Amino acid sequence: MKTKLEHFKSGVIQELPLQIGVFPFGLIYGILAIESGLSVLQAFLMSSIIFAGASQIVFAQFYLLVSPFSLITSIVSINLRHLLYGISINEYLKELSLKWRIILSYLLTDEAYAVSIKYFATNKNKKFMHYHLLGSGLTLFLTWQISTLFGIFFGQLIPENINLAFIIPLSFIAIITPMITQKYEIIACLASGILAILFYKLNFELWIIFSAILSLLISIPFIEKDNSQ
Amino acid sequence: MSLWYLIFLCGVLTFLIRFIPLSGFIRFKGSELYLKVINLIPIVVLTPIIVQALFFDKNDDLIETVNFEIICGFLAILISILFKNVMITILLTMMFFLILTNILFVNG
């Protein structure tokens, strides 16, 4: 049986490759935040208080241009996909204390979710498994804070010709491809991809949640067919 | 509204969106169909993010020609099927991507 430390280390190690893609994203946020007129303290602390890359970038870009209500609505829309992450990961964490669920909710980002949900789904050893999400989440949290600081103070020195952010979608491909083994999983994947293209022009990343929910609905008859066979 | 209040409010709302499903306040039914649908969530949420990176440019316009990102995306799928290893997929595909964009086709 794995110890808490072993689960935690697995989370850190599996999260590390994604940080090469997260770091430039944090840099971009740091640069944008300062250019938009936020103070160093506001720019830096927002990375702990909100701790959500896309939302922070939208905040920095729009807080002077739109009403507070529009800004808040945008941020909520951008983060709606995390509801689905929570529902999905809750299956593995429902026995935990409230304290743990608060900590892990705070750390539940795209990248931490992606590596930990794969680990949860493939690891039969359920005890202490939440330490994996703690490891992956804290790794991302630290990278995000450090990269924000770099963006605030040294952002202008970074060369633009190396697209390291491309590592993030590559990581997601590497994570979900082995998960797709059934016909209904292929259909769900294709449907969400096609719907994403169709809905892409929707504002504030609503296209993610729309295409995700619709493709889940599309795949239900195929799951039922699979169940009846 | 003070900027600090706005930052805190956005932080609280972001946290609540993440916390509500994990809070235990809402109970979800665990039928076989429900569990299979829940297991599809990583696929249906991460696929649109992948599609955005491969098929849309920096101006959010759909790319109508084959680009390096699409080629490398399909390469990553192949490598992932072959090796079933995240690190190997990232390293091999990223090496290929950097060679394409920074050595073979410097001017695009």
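Note that the coordinates shown come from a computational prediction; the quantities given were computed from them, not determined experimentally. (Residues numbered from 1 in each chain as written. Chains lettered and ligands numbered in written order. Predicted model: local features only at pLDDT ≥ 70, side-chain atom pairs only at ≥ 80, totals over all residues. Heavy atoms only, no water.)

## Some thoughts on helix α8 (residues 130-154) of chain A
End to end, α8(A) covers 35 Å across 25 residues, agreeing with the expected 36 Å (1.5 Å per residue, within 8%). Most of α8(A) sits inside the fold, with 18 of its 25 residues counted as buried. (Helix = DSSP H or I, 4+ residues; strand = E, 2+ residues; numbered from the N terminus. Expected span 1.5 Å × (residues − 1). Buried < 20%, exposed > 50% of the residue type's maximum accessible area, 1.4 Å probe, protein only.)

## Description of the state of the cysteines
Throughout the structure, instances matching the rule amount to 0 disulfides over all chains. The thiol sulfur of Cys189(A) is not disulfide-bonded, and the nearest other cysteine sulfur, from Cys72(B), lies at 18 Å. Its relative accessible area of 18% is what places Cys189(A) among the buried residues. (Disulfide = S-S within 2.5 Å.)

## A few points about the interface of chain B and chain A
The interface is formed by 64 residues belonging to chain B together with 84 residues belonging to chain A. A buried area of about 6,800 Å², summed over both sides, lies between chain B and chain A, and 79% of it is on carbon and sulfur atoms. In terms of surface lost to chain A, no three residues of chain B exceed Ile17(B), Arg18(B) and Leu22(B), which account for 12% of the buried area on that side. Counting across the interface, chain B meets chain A through 1 salt bridge. For the salt bridge of Lys36(B) with Asp226(A), the shortest nitrogen-to-oxygen distance reads 3.1 Å. Counting across the interface, chain B meets chain A through 8 residue pairs in polar contact (both at pLDDT 80 or more). Residue assignment for the side of chain B that touches chain A shows that the elements contributing at least two residues are α1 (3-19), α2 (32-39), α3 (41-55), α4 (68-83) and α5 (86-104) of chain B. (Contact = heavy atoms within 4.5 Å. Buried area = accessible area lost by both parts, 1.4 Å probe. Salt bridge = Lys/Arg side-chain N within 4 Å of Asp/Glu carboxyl O. Polar contact = N/O pair within 3.5 Å; in protein donor to acceptor, adjacent residues only side chain to side chain.)

## Some thoughts on the domain arrangement of chain A
Residues and elements named next belong to chain A. Each domain of chain A was delimited in the assignment, giving domain 1 (4-168) and domain 2 (180-229). Counting from both sides, the interface comprises 7 residues of domain 1 and, opposite them, 7 residues of domain 2. Both sides together, the interface formed by domain 1 and domain 2 hides about 680 Å², and carbon and sulfur atoms give 80% of it. On the domain 1 side of the contact with domain 2, Ser 77, Arg 81 and Leu 84 bury the most area, a combined 52% of that side's loss. Counting every contact that joins domain 1 to domain 2 gives 0 salt bridges. Our enumeration of links across domain 1 and domain 2 arrives at 0 residue pairs in polar contact (both at pLDDT 80 or more). Of all the secondary structure elements, the ones that give two or more residues to the side of domain 1 that touches domain 2 are α4 (68-79) and α5 (81-93). Looking at the side of domain 1 that touches domain 2 element by element, the count peaks at 3 residues for α4. (Domains from an automatic or database assignment.)

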